[in-house]
Amino acid sequence: MKKIIKLSALIGLSVLGTNAMASTMECYVDTPAYDEFRSRTCFAMIYGQRYTTAVFRIVEDKAIASVLWGGAAAGKCTDNGNYCSFTIRSMSAYSVSATVLYEDGTYGTASAVASFEDGR
């Protein structure tokens, strides 16, 4: 009986281990300059501007079936795209999370924070 319990526990842990993979989310805050994606955190200083756009993307080597956007992106981004963008306000931090569903049946999670200051 102990062998069956141990075997069941090992199988359960291996299934959970393959399902919870880490994904990477990158972002940038749109400025008049050339913007580059940064991993997990993006920040900009845009003098005199109260609003701008934050752009997020999921970077992954595996084939992605869909992305479920959450946090500040919930309701603003479609659940079938690897990219998400929406308007943000200066002097506030916008935390975005995502659950990434892969075509092989596994999933991963990722998050990033975008913010900017207007020079006040």
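Structural data are supplied above this passage.
First, a word on what this report is: a plain description of the structure on this page. (Residues numbered from 1 in each chain as written. Predicted model: local features only at pLDDT ≥ 70, side-chain atom pairs only at ≥ 80, totals over all residues. Heavy atoms only, no water.)

## Quick look at the overall build of the protein
Stage number 1. Along its length, the protein carries 1 helix and 9 strands.
Stage number 2. The order of helices and strands in the protein, counted from the N terminus, is α-β-β-β-β-β-β-β-β-β.
Stage number 3. Partitioning the intrachain contacts of the protein with sequence separation of at least 6 by distance along the chain shows that 63% fall at a separation of at least 24.
Stage number 4. For the protein, the accessible area works out to roughly 7400 Å², and carbon and sulfur atoms hold 55% of it. (Helix = DSSP H or I, 4+ residues; strand = E, 2+ residues; numbered from the N terminus. Contact = heavy atoms within 4.5 Å. Areas by Shrake-Rupley, 256 points an atom, 1.4 Å probe, with all protein chains shown as cover.)

## Structural notes on the pattern of salt bridges
Stage number 1. One pass over the full model with this rule turns up 2 salt bridges.
Stage number 2. The shortest N-O distance in the salt bridge between Glu26 and Arg57 comes to 2.7 Å. Within this pair, whereas Glu26 is found in strand E2 (residues 24-29), its partner Arg57 is found in strand E5 (residues 51-59), the two being separated by 31 residues in sequence.
Stage number 3. Of the residues examined, Glu26 reaches a relative accessible area of 15% and is grouped as buried.
Stage number 4. A salt bridge links Lys62 to Asp104, with the nearest nitrogen and oxygen atoms 2.9 Å apart. Of this pair, Lys62 sits in the loop between E5 and strand E6 (64-71) while Asp104 sits in the loop between strand E8 (93-102) and strand E9 (107-117); the two residues are 42 residues apart in sequence, bridging distant segments of the chain.
Stage number 5. Given the relative accessible area of 24%, Lys62 is considered partly exposed.
Stage number 6. With a relative accessible area of 52%, Asp104 lands in the exposed category. (Salt bridge = Lys/Arg side-chain N within 4 Å of Asp/Glu carboxyl O. Buried < 20%, exposed > 50% of the residue type's maximum accessible area, 1.4 Å probe, protein only.)

## Structural notes on the packing of aromatic side chains
Stage number 1. Enumeration over the complete set of coordinates arrives at 4 aromatic pairs.
Stage number 2. Between Phe37 and Tyr83, the ring centres sit 6.3 Å apart and the planes meet at 65 degrees, which makes this aromatic pair edge-to-face. Here Phe37, found in the loop between E2 and strand E3 (38-39), pairs with Tyr83, found in strand E7 (residues 83-89); they are 46 residues apart in sequence, far enough to count as distant.
Stage number 3. Taking relative accessible area as the criterion, Phe37 reaches 23% and is therefore assigned partly exposed.
Stage number 4. On the numbers, 5.8 Å between centres and 15 degrees between planes, the contact of Phe56 with Phe86 is stacked. Here Phe56 is found in strand E5, whereas its partner Phe86 is found in strand E7, with 30 residues between them in sequence. In terms of burial, Phe56 and Phe86 fall into one category: buried.
Stage number 5. Among the aromatic side chains, those forming a connected cluster through ring pairs are Tyr28, Phe37 and Tyr83.
Stage number 6. One cation-aromatic arrangement involves Arg57 over Phe37; the distance from NZ or CZ to the ring centre is 3.8 Å.
Stage number 7. Over the ring of Tyr102 we find Lys62, and its NZ or CZ is 4.4 Å from the ring centre. (Phe/Tyr/Trp six-rings, centres within 6.5 Å; stacked < 30°, edge-to-face > 60°. Lys NZ or Arg CZ within 6 Å of the ring centre and 35° of its normal.)

## Topic: unusual backbone geometry
Stage number 1. One non-glycine residue with positive phi stands out, namely Arg40, at about 70 degrees.
Stage number 2. Following the sequence through the fold, Arg40 ends up in the loop between E3 and strand E4 (41-45).
Stage number 3. Of the residues examined, Arg40 reaches a relative accessible area of 54% and is grouped as exposed.
Stage number 4. Here the phi dihedral of Met91 falls at roughly 65 degrees; this positive angle occurs in a residue that is not glycine.
Stage number 5. With respect to the secondary-structure elements, Met91 resides in the loop between E7 and E8.
Stage number 6. A relative accessible area of 48% means that Met91 is categorised as partly exposed.

The values reported here are purely geometric and, on their own, carry no functional implication.
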